[in-house]
Amino acid sequence: MSQDDLTFEHLPLQYELVQSVCSAFLPEENVVAAVLLGSLASGQGDRVSDADILVFTQNGFHQAAESCFASFESGKEIFYCLDGFHSGNAYFKKYIFNDLTSAEIHCLDLNEPFEISKPYKVLFDKADVVNTRLTDKPAPKHEDFPAYTNGDKGLIWELFDCIKWLSRDNHELAKSYLKKLSDKI
């Protein structure tokens, strides 16, 4: 596996999650690339940072990736899992594990228009697709995320995000998001 240098070996639980995603998805013929995003990619992650990973697929594999997800899930104690489609070309699963680590895995078909902003780390790229997706636009900020996008099914994930922000003393972000959330529900 060819990877950029990962700079969070001091976070062994998150490091293992990222390695586990690579092990689960890399062997699949219709998986062409994977990219780590967010605070772990920037080297600024902490104990509660989630592993945000984009997996690029082809031939509609984003709709048939259950064996890869099952491989990733194997042996892990999952507290919560949220899944769904962003669009017809993009499927996701978000996990909270019993050790309070978390991961987001987004499987995007190559037909899905999606740009990759800094910070990112290429985990593998079998078909040289990542460079065609790079942009200088800033990455989305938590402050701009819409609330209640997955209805009641997604509340645990959204509240977990708020708990992470509070643990980092980012009370304003948590309060602002909770206000957005309460307006929706």
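Heads up: the structure comes first, above all this text.
Now for a look at the structure at hand. (Residues numbered from 1 in each chain as written. Predicted model: local features only at pLDDT ≥ 70, side-chain atom pairs only at ≥ 80, totals over all residues. Heavy atoms only, no water.)

## Here we look at helix 5 (residues 171-184)
- Between its terminal C-alpha atoms helix 5 stretches 20 Å, which fits the 20 Å expected from 14 residues at 1.5 Å a residue.
- Among the residues of helix 5, those classed as buried are L173, A174, Y177 and L181. The arc that holds the buried residues of helix 5, viewed along the axis, is 95 degrees, so those residues lie on one side. Those residues of helix 5 that are exposed and angled more than 90 degrees off the buried face are E172, K179 and D183.
- Elements that come into contact with the buried residues of helix 5 comprise helix 4 (155-167). (Helix = DSSP H or I, 4+ residues; strand = E, 2+ residues; numbered from the N terminus. Expected span 1.5 Å × (residues − 1). Buried < 20%, exposed > 50% of the residue type's maximum accessible area, 1.4 Å probe, protein only. Arc of directions from axis to C-beta. Contact = heavy atoms within 4.5 Å.)

## Here's the deal with the side chain of H106
- Secondary-structure assignment places H106 in strand 5 (residues 102-109).
- Not counting residues within four places of it along the chain, the set of residues in contact with H106 comprises I53, L54, V55, H86, Y91, F92 and K94.

## Observations concerning the packing of aromatic side chains
- By the definition in use, this model includes nine aromatic pairs.
- Relative to F97, the ring of Y95 lies with its centre 5.6 Å away and its plane at 10 degrees, an arrangement referred to as stacked. F97 carries the same exposure label as Y95, and that label is buried.
- Taken together, the ring pairs in this structure connect F25, F69, F85 and Y91 into an aromatic cluster.
- A cation over a ring is seen here: K76 above F72, with NZ or CZ 4.4 Å from the ring centre.
- Of note, K94 hangs over the ring of F92, and the distance from its end group to the ring centre comes to 5.6 Å. (Phe/Tyr/Trp six-rings, centres within 6.5 Å; stacked < 30°, edge-to-face > 60°. Lys NZ or Arg CZ within 6 Å of the ring centre and 35° of its normal.)

## Section: the nonpolar core
- Counting 30 residues, the largest nonpolar core has F25, L36, I53, F72 and L123 as its most contacted members.
- At the level of secondary structure, the elements contributing two or more residues to this core comprise helix 1 (12-25), strand 1 (31-37), helix 2 (39-42), strand 2 (51-57), helix 3 (66-73), strand 4 (90-97), strand 5 and strand 6 (120-125).
- Here this core gets six residues from one element, more than from any other, and that element is helix 1.
- Dropping the residues within four chain positions of it, F25 is found in contact with V31, V55, A65, C68, F69, I105, C107 and F124. (Core = buried A, V, L, I, M, F, W, Y, C linked by side-chain atoms within 4.5 Å.)

## Some points on the state of the cysteines
- This structure, assessed with the given rule, holds zero disulfides.
- No disulfide involves C22; its sulfur sits 12 Å from that of C68, the nearest cysteine.
- Left unpaired, C162 is separated from the closest cysteine sulfur, that of C81, by 20 Å.
- Residue C162 is classed as buried on the basis of its relative accessible area, which comes to 3%. (Disulfide = S-S within 2.5 Å.)

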